[in-house]
Amino acid sequence: MKILIDNGHGINTPGKCSPDGKFREYKYTREIAIEVVKRLRAEGYDAERIVTEDGDISLGQRCARVNAWCDRMGAKNVVLVSIHNNAAGNNWQWMAARGWEAWTSKGQTQGDKLADCLYSAAKKHLPGMKIRTDMADGDMDKESNFTILYRSKCPACLTENLFQDNKEDVAYLLSAEGRKAIVDLHVEGIKQYVTQKK
């Protein structure tokens with residue numbers, strides 16, 4: 001199983017930061033993605049990032065990188081997790097929304113099973129944190145036709161790791177405890193999914 005990790009946005013993407021500028025999504029998601037890949041590789045998994053550049057890489061190019069692996073290995077042997085941070089406003093003022101959530105493309109897909117594993121891990125590693133769900137179709141993940149999800153040939157899931165415009169969420173994300181929890185939930189959720197696929 002080839003595990004692909006996507007880190008959200010780039011250094012030149014407008015906004016995508018906390019109102020005070022101390023938290024920047026492009027930087028944080030790259031740090032988390034690097035650690036997730038490092039941990040998975042240390043445990044013998046075949047994992048890598050699809051975007052190693054600091055600049056923003058278009059969604060089309062990101063999908064092309066994912067699909068090249070799908071064409072090489074077979075889509076059922078590839079899995080993608082795209083790591084992001086949420087925002088409730090325009091990043092210029094602090095907001096009240098909090099929590100963790102995961103997204104898949106619309107309809108019943110293998111991405112739903114991946115999201116289930118990530119939700120299970122999030123509940124374990126983010127105790128006391130709000131876990132945001134949408135049970136309308138019988139599972140916890142939220143659904144939308146985000147380009148990185150529906151144009152990738154393999155099972156794919158996008159995680160929104162707390163809110164970059166909520167003071168409490170940002171303080172937690174930047175803490176050693178928070179960073180470890182976000183890494184741990186991704187590593188554990190991905191491993192659980194891969195194990196189920198064997």
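Here's a quick rundown of the structure.

**Section: the environment of D116**
- Looking at where D116 falls in the secondary structure, it is placed in helix α3 (residues 110-125).
- Note: C-alpha distance between D116 and D139 (23 residues apart in sequence) is 7.5 Å.
- Apart from residues lying up to four places away in sequence, D116 is in contact with D139 and M140.

**Notes on the nonpolar core**
- Core analysis: the largest hydrophobic core is formed by 40 residues, its most contacted members being I3, I5, V36, L40, W100, L126 and I190.
- Going through the elements one at a time, β1 (2-7), α1 (25-42), β3 (78-86), β4 (100-104), α3, β6 (156-163), α5 (167-174) and α6 (176-197) are the ones with two or more residues in this core.
- Examining the composition of this core, we find that 8 residues originate from one element, α6, more than from any other.
- Residues in contact with W100, not counting those within four places in the same chain, are L118, Y119, A122, L126, K130, I131, R132, T159, E160, N161, L162 and L185.

**Some points on α5**
- Those residues of α5 not exposed but buried are D169, V170, Y172 and L173. End-on view of α5: buried residues confined to an arc of 165°, all on one side of the axis. Seen from the buried face of α5, the exposed residues on the opposite side, beyond 90 degrees, are K167 and A171.
- Residue N166 occupies the N-cap position of α5, its side-chain oxygen lying 2.9 Å from the main-chain nitrogen of E168.

**Things to note about the packing of α1 against α6**
- Running from amino to carboxyl end, α1 crosses α6 at an angle of 50°, the nearest separation of the two axes being 9 Å. On the basis of the axis angle, α1 is oblique to α6. Between α1 and α6 lies a crossing of right-handed hand. Residues Y28, E31, I32, E35, V36, R39 and L40 of α1 pack against G178, R179, I182, V183, D184, H186, V187, I190 and K191 of α6.
- Split by residue class, the contact of α1 with α6 holds 8 nonpolar, 2 polar and 6 charged.

Rules of the game
- Residues numbered from 1 in each chain as written.
- Predicted model: local features only at pLDDT ≥ 70, side-chain atom pairs only at ≥ 80, totals over all residues.
- Heavy atoms only, no water.
- Helix = DSSP H or I, 4+ residues; strand = E, 2+ residues; numbered from the N terminus.
- Contact = heavy atoms within 4.5 Å.
- Core = buried A, V, L, I, M, F, W, Y, C linked by side-chain atoms within 4.5 Å.
- Buried < 20%, exposed > 50% of the residue type's maximum accessible area, 1.4 Å probe, protein only.
- Arc of directions from axis to C-beta.
- Polar contact = N/O pair within 3.5 Å; in protein donor to acceptor, adjacent residues only side chain to side chain.
- Axes fitted to C-alpha atoms, helices over the stretch in contact; angles between N-to-C directions.
- Parallel < 35°, antiparallel > 145°, perpendicular 65-115°, else oblique.
- Left-handed = near helix turned anticlockwise from the far one by under 90°.
- Nonpolar A, V, L, I, M, F, W, Y, C, P; charged D, E, K, R; others polar.

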